[in-house]
4 protein chains.
Amino acid sequence: MGRAHANALARLPMFFPDAPAVEREVLIGRDEGELGRAVEELGFDRYVTDWRDAIEEVDVLYNLGPNDLHPEPSIAALENDVHVFCEKPLAHTLDAAERMAHAASESDATAGIAFNYRFVPAIRLARDLVASGELGEIHHVRATYLQDWLADPKAPWSWRNAAERAGSGALGDLGAHSIDLAQFLLGEDVDRVSGHLRTFVEERPVAEGATGGPDTEGGGEVEMREVTVDDAYSAQAEFADGAMGVFEASRFATGHDNANVIELNGSNGSLRFDLERLNELDVHWDDSRGFETVLVTEPDDPYIEQWWPPGHVIGWEHTFVHENYEFLSAAVAGTDYAPDFGDGLAVQRVLNAIQRSDRTGEWTTV
Amino acid sequence: MGRAHANALARLPMFFPDAPAVEREVLIGRDEGELGRAVEELGFDRYVTDWRDAIEEVDVLYNLGPNDLHPEPSIAALENDVHVFCEKPLAHTLDAAERMAHAASESDATAGIAFNYRFVPAIRLARDLVASGELGEIHHVRATYLQDWLADPKAPWSWRNAAERAGSGALGDLGAHSIDLAQFLLGEDVDRVSGHLRTFVEERPVAEGATGGPDTEGGGEVEMREVTVDDAYSAQAEFADGAMGVFEASRFATGHDNANVIELNGSNGSLRFDLERLNELDVHWDDSRGFETVLVTEPDDPYIEQWWPPGHVIGWEHTFVHENYEFLSAAVAGTDYAPDFGDGLAVQRVLNAIQRSDRTGEWTTV
Amino acid sequence: MGRAHANALARLPMFFPDAPAVEREVLIGRDEGELGRAVEELGFDRYVTDWRDAIEEVDVLYNLGPNDLHPEPSIAALENDVHVFCEKPLAHTLDAAERMAHAASESDATAGIAFNYRFVPAIRLARDLVASGELGEIHHVRATYLQDWLADPKAPWSWRNAAERAGSGALGDLGAHSIDLAQFLLGEDVDRVSGHLRTFVEERPVAEGATGGPDTEGGGEVEMREVTVDDAYSAQAEFADGAMGVFEASRFATGHDNANVIELNGSNGSLRFDLERLNELDVHWDDSRGFETVLVTEPDDPYIEQWWPPGHVIGWEHTFVHENYEFLSAAVAGTDYAPDFGDGLAVQRVLNAIQRSDRTGEWTTV
Amino acid sequence: MGRAHANALARLPMFFPDAPAVEREVLIGRDEGELGRAVEELGFDRYVTDWRDAIEEVDVLYNLGPNDLHPEPSIAALENDVHVFCEKPLAHTLDAAERMAHAASESDATAGIAFNYRFVPAIRLARDLVASGELGEIHHVRATYLQDWLADPKAPWSWRNAAERAGSGALGDLGAHSIDLAQFLLGEDVDRVSGHLRTFVEERPVAEGATGGPDTEGGGEVEMREVTVDDAYSAQAEFADGAMGVFEASRFATGHDNANVIELNGSNGSLRFDLERLNELDVHWDDSRGFETVLVTEPDDPYIEQWWPPGHVIGWEHTFVHENYEFLSAAVAGTDYAPDFGDGLAVQRVLNAIQRSDRTGEWTTV
């Protein structure tokens, strides 16, 4: 993520010349060896190993660490009126997310959350179609986010498998994107949910050399560590204005690398998006019979004028360029930015409601 | 449906020469004018307007009427050891379905239920892949069945919109197929569910000329009748061996005509089927990177040897030929037939659990 | 082919009730054992082994044999005012095709040729779109017909590999369909062509038990026979009104079973068809950005009203039902039928020009 | 193109840290106003309006101008042992291309040509599959490159429509890519061709404000200028080792933005690529039934390790980064680079043979 943002910042001057000028001052991390290399590669001036050493010297903090490290530095920065851009989900607990959103509301600084898929041109176009009423009243949202990198039981344990650090698994990592996209596209929030979480593999090997990992020299056994988050989740949802939602994400969906798919059905039309083909939007118009595959690469498509001619596709990283452009422009101008910590909190409430529903077995109000 | 079965029966001799010989004796219905025409067109000897007049004279009863007409004639036939082939869902209520399954278990006759999609060659191939262990342990089932013929609020009311006749709406009509396919492919049943039903349009116009319809001559108002079933449903499920399921069907999914789609993800592979492309099965093998689109038209694919050369695709109606072949062969030979009324009851229990869950807001054991 | 037509005839009464009544009187063939079985299976009254014995007793002759057997029986039948329905390509030589077309023009009987893909609903819809001017002026036609059943050098020799029987290989077997479809959709003929033929495997084993095949008992060697036709062809074309055409077919295109694909690009729109998904037509409308996938299964689509509800797809064999309906109706009514022997001759002239061009290395006028 | 390369150069340090360091010294162009802006935006030190003023001061010349401006500066640079990277096609005439290739062979400098699609990871993977023998003997190549930006007769005239500047139209602009990809993937050259060129719109309006454009103030008529190149071409080809080729490109293929599609069929397998979905490669393996859609985003796919995790797709511009990395690395190391001017000349010979064949109407040896 640090690399994706550093790259995005480096590309702004050429493609978004009116973006604020950015200096990549200080990189924050833990491993000095890695930091030394990264400072060089990513074009920073220097590094520190304690965020407290950086926070008073910068205008903007990018908080891209594990979920449990989102709250404290973000809140401290906002209290110093340092702009904060924070990875998703907002935090590892609802309580922490609420404190962060509160800090943001008290601060003069801008607080953005990294729902970068809002900045895919096709998603932007989709939002415009919904907002314009082109699709009529939305009846259905179905969003799946499928990956398969944990389908192998020998795939190593990481902080993403620890509830106390990540908060949840596929739910917070992948589902957070689906829920935010749905709320963004519909312009309304999820009201109540019924959730279902599953952990298919209960413990995983700690990779050799990992922090706290095993010394397997001398034929020692591989250390196993408990998986305390979900490998997959599903949820049914009801939106404020009445649309039905079905959500699902998994790290066990063999055959899928990064299939973030969302479909909306309205009374007058429908649309469908798949991140693995992010330049395309399938649209069923009011007078269509089926779906039209729209290649979203025309000059008047969102953000495209800054890039390449029609049919010359962009990639995943371009969402970061758009996102940083919007975030930094808003921060400097003091204008509203979305998605902000309020949007992050709205998603966190849904994540939390899904977890509670899974525990109680009951529909739960967000 | 009558036409689909009459056609299937007519085609057996040419394509399945070892199928039992069939005489299309008597057609049962209500409207004498229509029956007269249909007897001619579908190749029957005669018609009756009361099923009681037919039931003692035939070897097999095809019960293809509205759901609330499934129980009485089916039970009467089975009590007479007349084989019964019944449309899905098995009945309009769980109680009736239980009585039907009981009658079947007491009878020497064969009782089949019309889950015809089990007889799609691609589905058959899919079942064989799962059963052989090729996909490993199944973690995920997701099945959607999307249509859009009721998205227009002016689409006319029919018995399919009446709870007392149909039992449910999209759930029983479309969801029944999804649930049966899932249970068939996995070889295990749904254990517990969380369900969600929605009715988007509360009343519909009665079509002019419909039984009990309005006389609009003289500028009379259009009669509206209440919709008492779901326009769409969704469900989360847990299977006996632990797979997660997500189900959804709608008659409001604009852009979709008959999109009966099911995907399974196993630890070693995945597969995906879409009824609108029924000759294809997408398979992610253990050594695949993505999905391979398999055109299921080779001579050693299920049922294909009876038909055409590779690449010469078959259609929806062919599922009925296969189904009738299997049903009639089993009936004559006295061997087991699947799907039988027990399978129909298994699905009905899931439908019922989804409805109960929707009412209570709680996960419900099947 | 005999089976496909017998099936089509058998299905007419139920689905096209106004089709002429048909009696399947006499089956013509060579092998008495096979004929005996086929008469039974396909519902004929009797068989003969010499077509001369049948031709004066029937109203219609279906000439479905190898290409070199098309001319003599067809001409004899037409001279007796017996209607003739002949497989494609019209003949094994241009000269024979011309004699057949001449006989047809002199006869009071109807002479049809089996370009059955004209009767795919999606193709019919495509033709209507072009004819209505919806696509504007057509600039491009590209048509490929890809199969792979001869990619294996051990695939056995058959009459289809013999120039004196088949006339040509992939060209006449597959290319004939592409060329007819192009001329049908555009409503204009190919003017001149540049052709290219290739034979990848020069000889093939004669299958054991084949007529004239080897006696391999006692360890005898497999008999090899020369392949004297093309395994694949390509052609560039210019149409009468100026469209450019590119054509290609192969029996060596691994991964393709029956990929008869055609695309047209007009000044105002485009369309694309693939026989392996024969219920679909991809259309780029004047106001479209990309292609819309149209599922051609609505009641007002060509022929569909006779079949099933929207989204309930038909198969390859249905093209034969439509074709026989049109042919027999025209024969009985004495009205024009297309495609007729004139259309067959038009295609044969293109096939012949492609072969001549391949020999001379020059563009050749049709 | 200047922007695409400037961007690529700017991105090398972060993603290909071992790439040679690059200073963007001097931008060459004609319009001082535009140059001033571009120097700023693209990160150059200064600009000149005569390439002669730059050529002795730089290590590398990027020659990205119109085709007729390729020869003179490239040759001058190579004579000064300045590395040259030149846009495709190599030149506007075969004679000029030969002089350029000769200059390259005499120079110690590296001379690369901008066939950037060789640097798509999926194409690289495809080449490896062919080279490894995985697909067996290649029988078929079919390559189309479809765009539609000139389908509107009012689309303005540009140098790309002038034979004396561009050499050819769709042929040299799009076809050059197809031909190079085919020769690259097969590892062998086209031997002989039959070509077909067409110009659908004979003259086009000169855009207001264009160099030499019309003064339409005062109601003057729009100036029209003649189109002297092809709007579309097709070609049949024979490769050195016997594969058949079919090529086509158009600027009139409505519905297509940038559809650079190539398919190969070998005796043991096939593959298919579409630039509009550049992260995907469809592969038919020896033991496959259909085609598998491979998402070419795994760490061990060509170039991917430098970028993002699996499923996080890259875009068109990334091909430029790979290309510049390889070109600059080879230039500094003095190692071979491909595609070089020899490869450019090989393509130019095919382009020329296609044009000659179109004029003579005969197959033409390359």
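Residues numbered from 1 in each chain as written. Chains lettered and ligands numbered in written order. Predicted model: local features only at pLDDT ≥ 70, side-chain atom pairs only at ≥ 80, totals over all residues. Heavy atoms only, no water.

(A) Region of interest: the relation of the copies chain A and chain B. By a simple turn and slide, chain A fits onto chain B: the slide is 0.0 Å along the axis, the RMSD is 0.0 Å, and the turn is 180°. The transformation relating the two chain copies, once decomposed into turn and shift, fits a two-fold axis. Considering only C-alpha atoms, the part of chain A nearest the rotation axis is E362 of chain A, at 2.2 Å. Counting the interface residues of chain A, we find that 100% of their copies in chain B are interface residues as well, pointing to one common contact surface. (Least-squares fit on C-alpha atoms with pLDDT ≥ 70 in both. Contact = heavy atoms within 4.5 Å.)

(B) A look at the domain arrangement of chain A. Residue and element names in this part refer to chain A. When cut into domains, chain A gives domain 1 (2–116) and domain 2 (118–316 + 340–365). Taking the mean C-alpha position of each, domain 1 and domain 2 sit 23 Å from one another. Each partner contributes residues to the interface: domain 1 has 30 residues there, and domain 2 has 28 residues. Summed over both partners, the interface of domain 1 with domain 2 comes to about 2,500 Å²; 64% of that surface belongs to carbon and sulfur atoms. Contact with domain 2 buries surface across domain 1, with F15, F115 and N116 losing the most and accounting together for 28% of the total. Note that R349 and E98 form a salt bridge whose closest N and O atoms lie 3.9 Å from each other. Seen at the junction of domain 1 and domain 2, the total is 9 residue pairs in polar contact (both at pLDDT 80 or more). Broken down by element, the side of domain 1 that touches domain 2 gets its largest block of residues, 6 residues, from helix α4 (residues 94–106). Each residue belonging to the side of domain 1 that touches domain 2 can be placed in one class, and the counts come to 20 nonpolar, 6 polar and 4 charged. (Domains from an automatic or database assignment. Buried area = accessible area lost by both parts, 1.4 Å probe. Salt bridge = Lys/Arg side-chain N within 4 Å of Asp/Glu carboxyl O. Polar contact = N/O pair within 3.5 Å; in protein donor to acceptor, adjacent residues only side chain to side chain. Helix = DSSP H or I, 4+ residues; strand = E, 2+ residues; numbered from the N terminus. Nonpolar A, V, L, I, M, F, W, Y, C, P; charged D, E, K, R; others polar.)

(C) Looking closely at unusual backbone geometry. Here the residue pair A338 of chain A and P339 of chain A is connected by a cis peptide bond, since its omega of 5° sits within 30 degrees of zero. With omega at -10°, the peptide bond leading from K88 of chain D into P89 of chain D counts as cis. As for its placement among the helices and strands, P89 of chain D is situated in the loop between β4 (83–86) and α4 (94–106). A positive phi angle, close to 55°, is found at D81 of chain C, a residue other than glycine. Position of D81 of chain C among the secondary structure elements: in the loop between α3 (71–79) and β4 (83–86). Overall, D81 of chain C belongs to the partly exposed group, its relative accessible area being 40%. (Buried < 20%, exposed > 50% of the residue type's maximum accessible area, 1.4 Å probe, protein only.)

(D) Structural detail: the interface of chain A and chain B. At the junction of the two partners, chain A supplies 42 residues and chain B supplies 42 residues. Of the roughly 3,300 Å² buried between chain A and chain B on both sides combined, carbon and sulfur atoms contribute 51%. Counting across the chain A and chain B interface gives 2 salt bridges. Between E248 of chain A and R142 of chain B there is a salt bridge, with its nearest N and O atoms 2.7 Å apart. At the boundary of chain A and chain B, one finds 29 residue pairs in polar contact (both at pLDDT 80 or more). Among the secondary structure elements, those contributing two or more residues to the side of chain A that touches chain B are β6 (138–146), β7 (190–198), β10 (232–239), β11 (244–250), β12 (259–266) and β13 (270–274) of chain A. Among the elements that take part in the side of chain A that touches chain B, β10 of chain A stands out by supplying 7 residues, more than any other. Looking at the side of chain A that touches chain B residue by residue, the class counts come to 13 nonpolar, 21 polar and 8 charged.

(E) Representation of the packing of helix α4 (residues 94–106) of chain C against helix α9 (residues 341–360) of chain C. Residue and element names in this part refer to chain C. The geometry of α4 relative to α9 is characterised by a closest axis approach of 9 Å and an angle of 165° between their N-to-C directions. What the angle tells us is that α4 and α9 run roughly antiparallel. Considering the relative orientation of α4 and α9, their crossing is left-handed. Seen from α4, the contacting residues are L94, A97, E98, M100, A101 and A104; seen from α9, they are F341, L345, Q348, R349 and N352. (Axes fitted to C-alpha atoms, helices over the stretch in contact; angles between N-to-C directions. Parallel < 35°, antiparallel > 145°, perpendicular 65-115°, else oblique. Left-handed = near helix turned anticlockwise from the far one by under 90°.)

(F) Representation of α9 of chain C in the model. Taking 1.5 Å per residue, 20 residues should reach 28 Å; α9 of chain C reaches 28 Å between its end C-alpha atoms and fits that length. N-cap assignment for α9 of chain C: the residue whose side-chain oxygen lies 2.9 Å from the backbone N of G342 of chain C is D340 of chain C. (Expected span 1.5 Å × (residues − 1).)

(G) Seen up close, the nonpolar core. Counting residues in hydrophobic clusters, the biggest one holds 216 residues, and the most contacted among them are F247 and F341 of chain B together with F247 of chain C. Leave out the neighbours within four places in its chain, and F247 of chain C touches V141, A143, S178, I179, A182, Y233, S234, A235, A237 and F239 of chain C. Ranked by size, the runner-up nonpolar core spans 214 residues in total, among them V283 and Y325 of chain A together with A122 and V313 of chain D. (Core = buried A, V, L, I, M, F, W, Y, C linked by side-chain atoms within 4.5 Å.)

(H) Highlighting the interface of chain A and chain C. Taken together, the 13 residues of chain A in the interface contact 13 residues of chain C. Overall, the association of chain A and chain C removes approximately 820 Å² of surface from exposure, summing both partners, and the carbon and sulfur fraction of that is 36%. The tally of links between chain A and chain C comes to 2 salt bridges. Of the charged contacts in the structure, one is a salt bridge between D301 of chain A and R289 of chain C, with a shortest N-O distance of 2.6 Å.

(I) Geometry of the packing of aromatic side chains. Tallied over the full model, the rule gives 56 aromatic pairs over all chains. Their ring planes at 65° and their centres at 4.7 Å tell us that W316 of chain B and F320 of chain B sit as a pair that is edge-to-face. The buried category is assigned to W316 of chain B, whose relative accessible area is 3%. Residue F320 of chain B is classed as buried on the basis of its relative accessible area, which comes to 1%. Residues F85 of chain C and F327 of chain C carry aromatic rings whose centres are separated by 5.1 Å and whose planes lie at 65° to one another, so their mutual orientation is edge-to-face. Within this pair, whereas F85 of chain C is found in strand β4, its partner F327 of chain C is found in helix α8 (residues 318–333), the two being separated by 242 residues in sequence. Just as F85 of chain C is buried, F327 of chain C falls in that class too. One aromatic cluster is present, formed by F15, F16, Y303, W307, W308 and Y325 of chain A together with W316 and F320 of chain D through successive ring pairs. Here the basic side chain of R225 of chain A rests over the ring of W157 of chain A, its NZ or CZ set 4.7 Å away from the ring centre. Positioned above the aromatic ring of F291 of chain D, the side-chain terminus of R272 of chain D is 4.0 Å from the ring centre. (Phe/Tyr/Trp six-rings, centres within 6.5 Å; stacked < 30°, edge-to-face > 60°. Lys NZ or Arg CZ within 6 Å of the ring centre and 35° of its normal.)

(J) Looking closely at the side chain of D282 of chain B. Residues and elements named next belong to chain B. Along the chain, D282 turns up in strand β14 (residues 280–284). Given the relative accessible area of 17%, D282 is considered buried. Among the polar contacts listed, one links the side chain of D282 to the side chain of T293, at a separation of 3.2 Å. If sequence neighbours within four positions are ignored, D282 has contacts with S270, L271, R272, F291, E292 and T293.

(K) View of the sheet that holds strand β5 (residues 111–113) of chain D. All names here are of chain D. A sheet is described by the order of its strands in space; here 3 strands give the open sequence β3-β4-β5, paired in parallel fashion. Strands with a single pairing partner mark the edges of an open sheet, and in this sheet they are β3 (60–63) and β5. Across the sheet, the mean angle from the axis of one strand to that of its neighbour is 15°, orientation sign disregarded. Strand direction decides the pairing type here: β3 and β4, joined by 4 bridges, are parallel. Considered in β4, the bridge of N63 is made with C86. (Pairing = 2+ DSSP bridges.)

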